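Next come the chains, spelled out residue by residue.
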Amino acid sequence: MHLAVVACGDRLEETLIMLKSAVLFSNRRLCFHIFAEDSLKPEFEKKLREWPSSYTKKFEYNIYPITFSVGNAQEWKKLFKPCAAQRLFLPVILKDVDSLLYVDTDVLFLRPIDDIWHILKEFNSTQLAAMAPEHEIPKIGWYSRFARHPYYGTTGVNSGVMLMNLTRIRNTQFKNSMIPSGLTWEEMLYPLYQKYKNYITWGDQDLLNIIFYFNPECLYVFPCQWNYRPDHCMYGSNCKGAEEEGVSILHGNRGVYHDDKQPTFKALYEVIRDFPFEDNLFQSLYYPLQSKFLDTVHTLCGRIPQVFLKQIEKTMKKVYENRVIVYLGANHRY
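Each value, and the rule that gives it
Residues numbered from 1 in each chain as written. Predicted model: local features only at pLDDT ≥ 70, side-chain atom pairs only at ≥ 80, totals over all residues. Heavy atoms only, no water. UniProt positions renumbered as here; feature names shortened; annotations may be inferred. Core = buried A, V, L, I, M, F, W, Y, C linked by side-chain atoms within 4.5 Å. Buried < 20%, exposed > 50% of the residue type's maximum accessible area, 1.4 Å probe, protein only. Helix = DSSP H or I, 4+ residues; strand = E, 2+ residues; numbered from the N terminus. Domains from an automatic or database assignment. Contact = heavy atoms within 4.5 Å. Pairing = 2+ DSSP bridges. Salt bridge = Lys/Arg side-chain N within 4 Å of Asp/Glu carboxyl O. Buried area = accessible area lost by both parts, 1.4 Å probe. Polar contact = N/O pair within 3.5 Å; in protein donor to acceptor, adjacent residues only side chain to side chain.

You'll find the protein chain entered in an unreviewed UniProt entry as UDP-D-xylose:beta-D-glucoside alpha-1,3-D-xylosyltransferase, with Athene cunicularia given as the organism. According to UniProt, the comment filed for the protein chain under the heading Subcellular location (unreviewed entry) is "Membrane".

This next bit is on the nonpolar core. Counting 74 residues, the largest nonpolar core has Tyr228 and Phe308 as its most contacted members. Considering each element in turn, this core owes the most residues, nine residues, to helix 1 (residues 12–25). Shared between two domains, this core holds at least three residues of each, these being domain 1 (2–222) and domain 2 (225–331). Those residues in contact with Phe308, other than ones at most four positions away along the chain, are Leu110, Tyr228, Cys233, Val247, Leu250, Thr264, Phe265, Leu268, Phe293 and Cys301.

Time to look at the pairing of strand 6 (residues 129–133). Within strand 6, five of the five residues are buried, which leaves the element mostly enclosed by the surrounding structure. Summarising the sheet, strand 6 and strand 7 (residues 157–165) pair through four bridges and their orientation is antiparallel. By the bridge assignment for strand 7, Ala129 is matched with Met164. The pairing of strand 6 with strand 8 (residues 219–221) spans three bridges and is classified as parallel. What sits directly across from Ala129, in strand 8, is Leu219.

Turning to the pattern of salt bridges, a few remarks are in order. The tally for this structure, following the rule as stated, stands at 15 salt bridges. For Arg11, the salt bridge goes to Asp10, with nearest N and O atoms at 3.7 Å. In this structure, Asp115 and Arg111 form a salt bridge, with 2.9 Å as the shortest nitrogen-oxygen distance. Of the residues examined, Asp115 reaches a relative accessible area of 22% and is grouped as partly exposed. Several salt bridges share partner residues, and in doing so they unite Asp10, Arg11 and Glu14 into one network.

Considered domain by domain, the protein chain is made up of domain 1 (2–222) and domain 2 (225–331). Using only C-alpha atoms to locate each centre, domain 1 and domain 2 end up separated by 23 Å. Counting from both sides, the interface comprises 32 residues of domain 1 and, opposite them, 31 residues of domain 2. Interface area lost by domain 1 to domain 2 is led by Leu108, Leu110 and Arg111, which between them contribute 24%. At the surface where domain 1 touches domain 2, the tally comes to one salt bridge. For Arg229, the salt bridge goes to Glu134, with nearest N and O atoms at 3.9 Å. The interface formed by domain 1 and domain 2 contains 18 residue pairs in polar contact (both at pLDDT 80 or more). Those elements giving two or more residues to the side of domain 1 that touches domain 2 turn out to be helix 1, helix 3 (53–56), strand 5 (107–109), helix 6 (113–117), strand 6 and strand 7. Broken down by element, the side of domain 1 that touches domain 2 gets its largest block of residues, seven residues, from helix 1.

Quick look at the structure:
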C-alpha cells in the first residue's frame, strides 16, 4: 500500500505523527512517499530511524525533493500552502506506482489504511480518483456560496485525503475548458492554472475541483468519515457516516492540533504523538484519550466522543485479538 505526503516549512512533526498513526493501525506493509524540502530530509531520516524495529519492519520509505514538471516552479510552490501543489504532479513523478493514497500532513488514521485501500476495488471502469465532499450541507458550504470557478457536484470535494489510480490518471484524456479535444493530466495542469489562477482560493484543491467538474465520471466520492474535519462537528454533528461507524480518518485542518479552538482534535493528536511505540494500546492510548475527552465536553465536537472513539476501539480490539491468536498459535495452545 502506497502512501504519499508533502511536507514543507514547519510540518515535520505533524507528518511524523500522521505516519505513526498509519503504522500503528495498519495490517499490511506500507510504502511511504515523502516529498520534502531539502532541509527536512535529514530530520525525516533521523526520526524514522529512531522508531523501534518492530515498527520499522512494517514500512519502507522514499524521500523526494519538491519538483514541478511543467510551468513555473516558484509559482507552484507558493500556490496556497507551501508546496501543496506537489500532489498534482504525483502521477508524473511516481511513474512506477500503480495506485496511491495521498494525505495532507494534518491527517490521522484511526483505523487501518487497508480499509480505505479496498475502495480502489469499488471504482467502476471510468473512476480514477476518490475524495470526500467539502461539505455535507450545500447552503452553508464554501464552494456553493463563494466559488468563482467550476467545482465538482453541489459542494465541491476536499483534497486532503485522495485515493488515486495513477495508471488510469496517466492513461486518460481529460475533457477541459481550454481545447475541444482531451488533454493528458500533465498537459492540462499549467494551462488550467493559468486560466483560473485569479479565481481560485484553495490552490490545488480548486484545480482538482475544476478538473472533476469537467470529468465527473472519473471521480468516486467516499463518505465524510474518511475525511472528518472540524466542520463536521463544530456547528453540530453533520456527518452521518461518522455517527454510525465512527471517524475513520481525522483531518485537523485550520491548525486545530496546535491551538485550543477544537480540543477534541488536539487531544487525539497529542495522545498519538505521546504514545510510546512498544506500550499497550489500551493503557497508553485509549485510556488517556478518554480522560482528555472529559475536558472537551464544553464544545460541540466534545459532546460526541463516541464518534471519535468507535473506530479506534474497534481497531485496537482487532490488534489485540490478532496478537493473542499469533501467540497461542506459536505455543500450540488451542
